[in-house]
Amino acid sequence: MTDTARRGEAQGWALEAVAPGEIEKALERQRRAWEGDQGALVRASVANLVVVCQDRAGGQQALAAVERLGPRAPSRCVVLIAASPEGRQGVRAWARVVQQDRGPGMAWDEVVVHATVDPRHLTAVVLPLLLPELPVFTFWWGTPPFAHEAFDELASVSDRLIVDSAAFADPPADLARLAKAASALTAALSDCVWQRLTPWRELLAAPFGGPPLRSAVDRVRWLRVDAVEPTAGLELTGWFASRLGWALDRAHLSGDAWVARYATERGTCEAHIAQSLGSGTLTRVDLQVDTDDGPASLRVEAPPGHLVATVETPGQATTRRKVGLTHLVTDPAGLGAELEVFGRDRVFEQALLRAAALAEQ
Amino acid sequence: MTPGDGNPLLVGERVRATPPPTAMVVFGGSGDLAHRKIVPALYNLELHRLLPQNFAMVGSSRTEFTDEEYRAHMRKAVEEFSRTQPIQKQVWESFASRLHYIAGSGGDPDTYARVGDLLDRFDDEHGTDGNRLFYLSLIPRLFPDAIRGIGKSGIGGRGWDRGWSRVVVEKPFGHDLASARELQALVTEVFPERDVFRIDHYLGKESVQNIIAFRFANGIFEPVWNHRYVDHVQVTVAESLGIEHRGNFYETAGAVRDIIQNHALQVLALVAMEPPATFEPEDVRNEKAKVLKAVRRIEGEAVDRAVVRGQYGEGWVNGEQVAAYRDEPNVATGSTVETYLAVELLVDNWRWAGTPFYLRTGKRLPKRATEVVVQFKAAPHLPFGEAAQDGLEPNALVLRIQPDEGITMKIGAKVPGPSMEVRSVNMDFSYGTSFADDLPDAYERLLLDVMVGDPTLFPRWDSVEEAWHVVQPILDRWAEAPPPDLPNYAAGEWGPKAADELIARHRPGRRWRRP
């Protein structure tokens with residue numbers, strides 16, 4: 001197909017169907033058309049974002065998610081629909097320039113590639129579409145094929161591999177597989193679930209920075225996590241275990257809840273990860289902590305739109321703090337925040353290993 | 001993990017370490033700055049989970065308020081001035097429950113006793129751990145009372161051993177060199193220098209900090225960042241606004257004290273300083289102080305040649321007719337206070353010898369713009385022929401500080417076509433397009449820095465003193481020489497004609513960049 005390709009009529013995408021070899025030309029032409037109508041455009045790119053999904057429905061979801069990110073992390077976005085190569089093999093592509101509705105004529109590129117090719121060749125489909133010298137973030141939509149060559153190949157050309165473990169087919173089991181695969185990855189690894197836990201972790205950590213809990217961080221006795229996304233409960237528990245040096249003593253499934261006992265430097269900690277219904281990642285986390293004056297508790301809950309942290313300590317007035325969940329509107333999955341992280345996240349990697357150990361029980 | 005060595009849960013890529021427990025006192029707590037900047041900044045820090053868990057604040061002023069009235073007053077302020085809108089009701093209510101108020105006079109010892117009692121209560125009820133941040137959001141003549149009050153009451157300062165105690169002093173730090181030294185003596189009688197945070201909000205702006213990042217994270221510019229390649233440097237701090245009901249203040253300040261002595265010279269220091277060995281606060285502050293010390297003093301009649309002062313007459317700005325400075329409220333009919341200043345400075349060191357730095361600032365200029373222009377020398381030889389290079393100017397690097405934060409590089413490029421014609425084009429980096437998140441307000445960054453005890457972005461006394469050394473001879477000359485005919489520029493113009501002559505006086509063709 002030439003650069004006179006039809007606009008907006010293929011596959012339901014509001015993109016222009018183009019021959020794979022003509023993508024750059026088509027984007028350049030669209031940019032000039034925009035500029036002819038509305039003045040100079042600033043083509044902004046801070047990264048290459050490759051989104052890998054298995055079918056057209058997944059591609060549409062992925063595109064909708066990354067469109068919200070554009071203004072925050074303008075990137076060359078390549079949505080790769082890696083369809084099963086049964087029957088005739090081929091590559092079809094669509095492309096468009098997206099203009100932001102605020103700012104000084106800022107625009108970025110979106111490319112959709114539907115590839116029915118041998119998975120070994122997916123990397124060859126993606127490589128020509130990347131902008132030079134910008135980091136490559138690969139977001140795998142759904143469950144990555146951990147043991148498959150396509151996973152290794154695409155991961156090998158990425159600086160950062162991002163998954164959303166809440167979207168895994170079998171979240172706990174796939175989380176354990178992810179932890180195993182992580183050890184062989186050269187790319188940094190992220191999980192959007194981990195990103196969505198950030199405000200929870202900040203609120204759970206903060207009370208241990210001052211009195212009266214400052215000296216009690218190694219005396220957590222009981223942890224309960226009510227998790228909407230099961231892997232979030234596992235990763236949060238893994239975070240406590242790795243940061244506080246807990247060793248898994250024993251664990252079992254009780255119904256759909258994990259019950260674990262950890263040996264800590266100052267005794268033991270019982271952990272319960274229960275499933276919960278809600279619209280977020282977690283609905284509630286409870287900690288019980290021994291202090292010099294007796295048992296104290298820390299609770300974080302998630303009413304709509306914000307988080308509430310409540311600290312009850314012996315002989316002190318209960319404190320209740322409410323903080324915002326910023327970025328929730330523009331980046332509900334946490335993918336945008338992932339694009340701002342460059343190096344390896346060692347704290348996550350350690351938490352993932354502990355979470356996987358629990359998930360395997 | 002070693003429990004007891006800090007908080008192991010606050011380690012890692014994404015979890016942002018919050019400052020230690022803090023009790024904050026804002027003297028001038030019902031005033032304009034608290035209203036527009038301080039409390040909205042604190043609210044946004046809380047919204048973004050950056051305030052310490054153990055935090056409480058008390059505002060103190062003469063105005064009578066109950067705690068509830070103060071909270072309602074501040075809620076309106078946040079609703080009007082917060083950079084995030086609309087405000088989140090639950091977050092505000094949780095934050096406001098830690099806001100308190102004490103009415104009292106700065107000269108009354110009882111005020112400080114009551115503040116001290118409340119701070120003790122904060123330690124018990126909010127776990128603020130004896131850490132105390134005193135913010136002097138006051139007009140300068142009230143600084144001495146507040147500092148003495150803190151010292152005499154023993155609620156902070158030297159000798160305070162229940163935690164840290166720090167004081168934030170708003171600009172201007174002194175009215176002239178002598179009064180700055182007096183203030184310094186008074187402040188350091190109560191607080192050691194390490195606990196004194198002289199706030200200049202310009203230094204908290206992301207785009208000002210980006211000057212440091214740009215210079216010291218990009219190796220390609222350092223070799224040309226000197227007198228061999230740079231023709232001159234311009235620092236412009238332009239305002240389209242007038243004095244905005246601040247006639248009483250401005251009549252005693254003028255552009256020199258309001259902008260040049262602090263903002264403009266601090267920006268000059270960041271542009272001209274040598275690379276610090278580390279980004280440790282004292283390394284950065286040492287380099288800034290050294291370069292300010294190297295700025296040649298202009299004295300006596302030389303002031304008449306190297307400085308242009310101006311005052312706006314009536315005119316049009318942004319499509320509206322505006323009054324002359326002398327017709328503004330609380331301004332003397334025959335006032336000779338400068339609303340505009342342009343000055344040529346030389347930095348006498350190895351790097352910058354002979355390269356002029358032109359600083360200008362003004363009120364009622366055509367637009368609001370703060371920027372630094374590094375104007376490079378022309379290429380030594382252009383082979384294209386005179387007609388082919390008509391539109392070509394020497395390279396320039398523009399560091400845009402506000403409002404459109406970013407960097408522009410002016411380069412020569414071939415005009416498409418069969419002939420070799422070249423002209424200047426701009427290559428733009430805009431913060432708004434590469435980092436499209438809302439930039440935090442400068443006060444948010446600076447308040448956090450005070451709480452964690454990082455003074456990097458706060459001018460140290462030697463920098464402040466050196467800056468006064470630069471401007472004091474100008475003020476002295478003006479005190480004895482007759483002023484020019486004022487007003488000498490119309491509101492809505494880029495200042496007096498004499499400023500254009502100033503920049504071109506050593507090299508015809510030099511001109512101010514039009515922002």
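Residues numbered from 1 in each chain as written. Chains lettered and ligands numbered in written order. Predicted model: local features only at pLDDT ≥ 70, side-chain atom pairs only at ≥ 80, totals over all residues.

1. Let's talk about the overall build of chain A
Then, in step 1: The number of helices and strands found in chain A is 10 helices and 17 strands.
Then, in step 2: Going through the 361 residues of chain A one by one, you find that 49% of them count as buried.
Then, in step 3: For chain A, long-range pairs separated by at least 24 residues make up 69% of all intrachain contacts whose partners lie at least 6 apart in sequence. (Helix = DSSP H or I, 4+ residues; strand = E, 2+ residues; numbered from the N terminus. Buried ≥ 20, exposed ≤ 12 C-beta atoms within 10 Å, placed from the backbone. Contact = placed C-beta atoms within 7 Å.)

2. Focus on the confidence of the model for chain B
Residue and element names in this part refer to chain B.
Then, in step 1: Residues at a pLDDT of 70 or more form 97% of chain B, whose mean pLDDT is 91.
Then, in step 2: Residue range residues 1-5 is modelled with pLDDT below 50. Its contacts to residues more than four positions away, or to other chains, number 8 contacts.
Then, in step 3: Predicted complex, confidence summary: ipTM 0.78, pTM 0.83. (pLDDT = per-residue confidence, 0-100.)

3. Some words on the sheet that holds strand S5 (residues 165-170) of chain B
All names here are of chain B.
Then, in step 1: With respect to topology, 6 strands assemble into an open sheet ordered S3-S2-S1-S4-S5-S6, the strand pairing being parallel. Strands at the two margins of the open sheet, each flanked by one partner only, are strand S3 (99-103) and strand S6 (196-199). Averaged over neighbouring strand pairs, the angle between their axes works out to 20° when direction is ignored.
Then, in step 2: Inspection of the sheet shows S5 paired to S6 by 4 bridges, in the parallel sense. Note that in S6 the partner of valine 167 across the bridge is valine 196.
Then, in step 3: Most of the contacts of helix H4 (residues 109-126) go to strand S2 (residues 55-61), to which it runs at about 165°, and overall it touches strand S1 (22-27), S2, S3 and strand S4 (132-136). (Pairing = 2+ DSSP bridges. Axes fitted to C-alpha atoms, helices over the stretch in contact; angles between N-to-C directions.)

4. Some remarks on the domain arrangement of chain B
Residue and element names in this part refer to chain B.
Then, in step 1: Partitioning chain B into structural domains gives domain 1 (17-170) and domain 2 (203-504).
Then, in step 2: Counting residues at the interface gives 15 residues for domain 1 and 10 residues for domain 2.
Then, in step 3: Looking at the side of domain 1 that touches domain 2, the elements with two or more residues in it are helix H1 (32-47) and S5.
Then, in step 4: Per-element accounting of the side of domain 1 that touches domain 2 gives the leading share, 6 residues, to H1. (Domains from an automatic or database assignment.)

5. A look at the domain arrangement of chain A
Then, in step 1: Partitioning chain A into domains gives domain 1 (16-158) and domain 2 (196-359).
Then, in step 2: A separation of 36 Å is found between the C-alpha centroids of domain 1 of chain A and domain 2 of chain A.

6. A closer look at the nonpolar core
Nonpolar side chains tend toward joint burial in soluble globular proteins.
Then, in step 1: Ranked by internal contacts, the top residues of the largest apolar core, which has 243 residues, are Val51 and Leu80 of chain A together with Tyr135, Leu136, Val168, Ile260 and Leu268 of chain B.
Then, in step 2: In terms of residues, this core owes the most to one element, helix H8 (residues 247-272) of chain B, which gives 12 residues.
Then, in step 3: Sequence-distant contacts of leucine 136 of chain B, defined by excluding residues within four places in its chain, comprise Phe27, Gly28, Phe143, Ala146, Val167, Val168, Val169 and Glu170 of chain B. (Core = buried A, V, L, I, M, F, W, Y, C linked by C-beta atoms within 7 Å.)

7. What about the pairing of strand S12 (residues 340-346) of chain B?
All names here are of chain B.
Then, in step 1: Of all 7 residues in S12, 6 are buried, a share of seventy percent or more.
Then, in step 2: As defined by bridge partners, strand S8 (residues 307-310) adjoins S12 across 4 bridges and the pair is classed as antiparallel. Note on S12: the bridge partner recorded for arginine 309 is leucine 341.
Then, in step 3: One ladder, built from 7 bridges, connects S12 with strand S13 (residues 356-362); its direction is antiparallel. When the sheet's bridge partners are listed, leucine 346 is paired in S13 with proline 356.

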